[in-house]
Amino acid sequence: MEQPRELVGKTYFVRTFGCQMNLHDSERVAGVLDACGCICVDDPDQADIVVFMTCCVREKADQHLYGQASAMVSAPTPPSGRRVVAIGGCIAQRDGEKIREHVACADVVFGTSAIESLPTLLADAFTGDGSRAEVDTVEEGRSFSTDLPSHRAQRFHAWVPIMTGCDNFCTYCIVPYVRGREKSRTMESIVSEVEALVAEGVREVTLLGQNVNSYGRNIYGEPRFAELLRRVGETGIERIRFTSSNPKDLDDDVIRAMSEVPAVMPHLHLAVQSGSSRVLKAMNRKYTREEYLELVGRLRAAMPELALSTDIIVGFPGETEEDFEETLSLVREAGFSSAFTFIYSRRPGTPAAKMPDDTPREVIQERFDRLADLVADQAHEANQADLGQLVSVLVEGTSKRDPGIMVGHSEKNRTVHFSAPVGHDPESLIGTICDVRVEEARTWYLRGTVEGDPR
């Protein structure tokens, strides 16, 4: 790793927008800067380097970036007297140098595979006159960012990308255009990384990919995600999660692996996007409503305790009231314990952006509100199943409102609050696993009391 002398001792701050892949990339950015002798700070006003890791899946992410990045113009000058603003991630990859049309203070623009070039770009920006942005959005021939050092946000959890890019080309999605086509890492490199993480004390990993179920297709000729789950499960890691999972590629081999590997957590995020087969076809999702529900049935037959979450888009171009009612009925039939719901965001460059739609915004908003109410009702109902039960919680930190209240996630990925046991310093509990007897089941969290000793 090249260490430009211009960066030694510089302070930095990283702000992340978007998905788990961006969170992983941000940890690699921080790791690269650490390796260059930079120092992480919690306040962007005190940072010599401010990095924005961006997402362009939804329009709101663009707006957040433009607002927060542009605000750096009026931020106090750091003690060093010079600040460099860098913009990375998907918006940077999509817009390149054009990003300065919206963010004039951008000194550096780097794409989704250009993290390794960041030190050189920053050093050039510090020594230049700031009249133009240093840009690197070249994708071809780049290695995985997993080859770079990492500065993890949590010592007990790690993001582990198993592939990048996507070959699905859903009509609403910009990801294949900014992250490229599917490219899988070798199974050996993934397993070796997890083994190293276990040796470092990591207890939970999340395997990342735009469609993990097609993992390995481009290097092995066929998907081998089920085999990967089994191999990772043999490393000694205590908890395995994964995202994202496209229903069209989730086969019985993966379902068996999920049910048979003890470390795989009983939670699956399975994005449906719509309950209407007509809309799903327009989205190019490559499955029908009936096929999705049949898949849910097979999952529940293999894993009766499985907690299922999903993504749903409201207001896709041409969605009718009948289509939307089908979405509501699918939500009820699938029995989701939670769902991320979104109003369709038109993304330039995608096929859906050219689809005509005259549905009034107020109609879409009313549908969204009805869906949100149903999701909340089902989340509350799902949480009642844990009332009185003993749940295993990986402790992630303390409550922002009360440092004596611990926060973590159960095996089913439900947020759990509990008081630190008498005689235990709250900070010492972070990264431990506690058994919590659930005494209160609210819509979005569980609350209870620890039984036994943390481990």
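This write-up is about the structure you can find in this document.

Cut-offs applied
- Residues numbered from 1 in each chain as written.
- Predicted model: local features only at pLDDT ≥ 70, side-chain atom pairs only at ≥ 80, totals over all residues.
- Heavy atoms only, no water.
- Pairing = 2+ DSSP bridges.
- Helix = DSSP H or I, 4+ residues; strand = E, 2+ residues; numbered from the N terminus.
- Axes fitted to C-alpha atoms, helices over the stretch in contact; angles between N-to-C directions.
- Parallel < 35°, antiparallel > 145°, perpendicular 65-115°, else oblique.
- Left-handed = near helix turned anticlockwise from the far one by under 90°.
- Contact = heavy atoms within 4.5 Å.
- Nonpolar A, V, L, I, M, F, W, Y, C, P; charged D, E, K, R; others polar.
- Buried < 20%, exposed > 50% of the residue type's maximum accessible area, 1.4 Å probe, protein only.
- Arc of directions from axis to C-beta.
- Polar contact = N/O pair within 3.5 Å; in protein donor to acceptor, adjacent residues only side chain to side chain.
- Phe/Tyr/Trp six-rings, centres within 6.5 Å; stacked < 30°, edge-to-face > 60°.
- Lys NZ or Arg CZ within 6 Å of the ring centre and 35° of its normal.
- Salt bridge = Lys/Arg side-chain N within 4 Å of Asp/Glu carboxyl O.

Some words on the sheet that holds strand β15 (residues 390-398)
Strand order in this closed barrel of 5 strands is β15-β16-β17-β19-β18, and the pairing throughout is mixed. Averaged over all neighbouring strand pairs, the angle between strand axes comes to 50°, with direction disregarded. Alignment of strand β18 (residues 433-441) against strand β19 (residues 446-451), held across 6 bridges, turns out to be antiparallel. Counterpart to Glu-440 in the pairing with β19 is Arg-447.

Observations regarding the packing of helix α9 (residues 252-260) against helix α11 (residues 289-302)
Where α9 meets α11, the closest approach of the two axes is 10 Å, and the angle between their N-to-C directions is 30°. One finds that α9 runs roughly parallel with respect to α11. When you trace α9 past α11, the crossing you get is right-handed. Every residue of α11 that contacts α9 at Asp-252, Ile-255, Met-258 and Ser-259 is listed here: Leu-295, Arg-298, Leu-299 and Ala-302. Residues of the contact of α9 with α11, tallied by class, amount to 5 nonpolar, 1 polar and 2 charged.

Examining α9
Think of an α-helix as 3.6 residues a turn; residues three or four steps apart then line up on the same face. For α9, every residue scored as buried is listed here: Val-254, Ile-255, Ala-257 and Met-258. Down the axis of α9, the sector holding all buried residues measures 160°, keeping them to one side. Lining the buried residues of α9 we find α8 (225-233), β11 (239-243), β12 (267-269) and α11. Two or three places before Asp-253, at the start of α9, stands the capping residue Asp-251, its side-chain oxygen 3.2 Å from that residue's backbone nitrogen.

Focus on the packing of aromatic side chains
A complete count under the given rule lists 8 aromatic pairs for this structure. Here the aromatic cluster, defined as three or more aromatic residues joined through ring pairs, consists of Tyr-172, Phe-316 and Tyr-344. Taking the ring centre of Tyr-220 as reference, the NZ or CZ of Arg-224 above it sits at 4.1 Å.

Quick look at the pattern of salt bridges
Taken as a whole, this structure holds 30 salt bridges when the rule is applied. Arg-367 is the salt-bridge partner of Glu-321, the closest N and O atoms lying 3.3 Å from each other. One end of the pair, Glu-321, is in helix α12 (residues 321-334); the other, Arg-367, is in helix α13 (residues 361-384), and 46 residues separate them in sequence. Judged by its relative accessible area of 32%, Glu-321 falls in the partly exposed class. Assessed through its relative accessible area of 5%, Arg-367 is described here as buried. The salt bridge partner of Glu-366 is Arg-370, with a shortest N-O separation of 3.1 Å. Of the two residues, Glu-366 and Arg-370 are both situated in helix α13; the distance of 4 residues between them amounts to about one turn of the helix. Assessed through its relative accessible area of 38%, Glu-366 is described here as partly exposed.

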